[in-house]
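# Structural characterization, general
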Amino acid sequence: MSEKFTPSYLKKRHYNWGVVAVVAALGTCAIVSMFYWQPNGSLSNLIAANPESIFSKGDYWRLLTSTFAHADLEHLLSNSLMLGFLTYFVASFYGLGVLLFSFSMGAAINLATLAQYDANTTLVGASGVVYFLWGLWLTLYVFIQKNLSVGKRLMRMGAVFLVLLVPTTYSPQTSYFAHYIGFLMGMISGALYYLVSPKRASKDEILAELNQEEVESDEWGDPEWEDNLISDVEAKD
């Protein structure tokens, strides 16, 4: 299978960092959250972000630490499944560089979100990064999977978005702005990454692979192949 972004690229993993990346990401979330949950800890007051700490005091490190911190165990567990799933696939198919960039974009997502909040509103959680990773993955899928029509690719992207990323209930404690600004940033990043990546396949490389798949389909795609095989064997007997 091609190492270029041809339609077969998403059929297998290209990097072996998936499991390590999941353990590192979820482990960091758990450790930072445990420090945050200590009411009298020396670090607990240095983790979460709010508009006052960022825009008035200049505690910019909080933009990153607040990504890994979670309000409570339920909040941590609710983000862990999707974060672990996406971390594994992004690290396995696009590498650690893309994954680390995605987590660093959590700071930009938090900055944009806090700019919309009141001074004392606290922001914690990795859901902005989760939505960023979804935007990145789905956009790259649309660009890469050229064996399907544009309409089918966009329909699948829309179906995933509606089923997995649109909430069925409203929670006042949830920052929906962080979710969807994260998704939008992920889409933009995915598009830019595809366009500038050295792995971007040429039209000739894509057509060559699609033509090869068509030949293989013609060879093995006969719906009556079993009957034909039996007839050939009987004829030889």
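For the structure itself, look to the data block above.
What comes next concerns the included structure.

In this section: the packing of aromatic side chains. Under the criterion given, the structure shown has 20 aromatic pairs. Ring-pair connections join several aromatic residues into one group, and the members of that group are Phe5, Tyr9, Phe85, Tyr88, Phe89, Phe93, Tyr94, Trp134, Trp137, Phe143, Tyr193 and Tyr194.

This paragraph deals with helix H1 (residues 18-37). Between its first and last C-alpha atoms H1 spans 28 Å; for 20 residues at 1.5 Å apiece the expected length is 28 Å, and the two agree. Turning to H1, its buried residues number three or more, namely Gly18, Ala21, Val22, Ala25, Cys29, Val32 and Ser33. Taken end-on, H1 shows its buried residues confined to a sector of 125°, consistent with a single buried face. When the buried face of H1 is taken as reference, the exposed residues oriented beyond 90 degrees from it are Val19, Val20 and Val23. Summarising the contacts, the buried residues of H1 are in contact with helix H3 (62-68), helix H4 (73-94) and helix H5 (96-114).

Our focus in this paragraph is the environment of Tyr193. Structurally, the position occupied by Tyr193 is in helix H8 (residues 176-196). Here the alpha-carbon distance between Tyr193 and Val98, two residues 95 residues apart in the chain, equals 8.9 Å. Contact partners of Tyr193, with chain neighbours within four places excluded, come to Phe5, Tyr94, Val98 and Leu140.

Attention shifts here to the packing of helix H6 (residues 127-144) against H8. Axis separation between H6 and H8 bottoms out at 6 Å; the angle between their running directions is 35°. Classified by chirality, the crossing of H8 by H6 is right-handed. The residue inventory of the contact of H6 with H8, partitioned by class, reads 16 nonpolar, nine polar and no charged.

Another point: the environment of Leu86. Relative to the elements of secondary structure, Leu86 occurs in helix H4. Each C-alpha atom of the pair Leu86 and Trp134 lies 7.3 Å from the other, and the pair is 48 residues apart in sequence. Ignoring any residue separated from it by four or fewer positions in sequence, one finds Leu86 in contact with Val130, Leu133 and Trp134.

Cut-offs and rules
- Residues numbered from 1 in each chain as written.
- Predicted model: local features only at pLDDT ≥ 70, side-chain atom pairs only at ≥ 80, totals over all residues.
- Heavy atoms only, no water.
- Phe/Tyr/Trp six-rings, centres within 6.5 Å; stacked < 30°, edge-to-face > 60°.
- Helix = DSSP H or I, 4+ residues; strand = E, 2+ residues; numbered from the N terminus.
- Expected span 1.5 Å × (residues − 1).
- Buried < 20%, exposed > 50% of the residue type's maximum accessible area, 1.4 Å probe, protein only.
- Arc of directions from axis to C-beta.
- Contact = heavy atoms within 4.5 Å.
- Axes fitted to C-alpha atoms, helices over the stretch in contact; angles between N-to-C directions.
- Left-handed = near helix turned anticlockwise from the far one by under 90°.
- Nonpolar A, V, L, I, M, F, W, Y, C, P; charged D, E, K, R; others polar.

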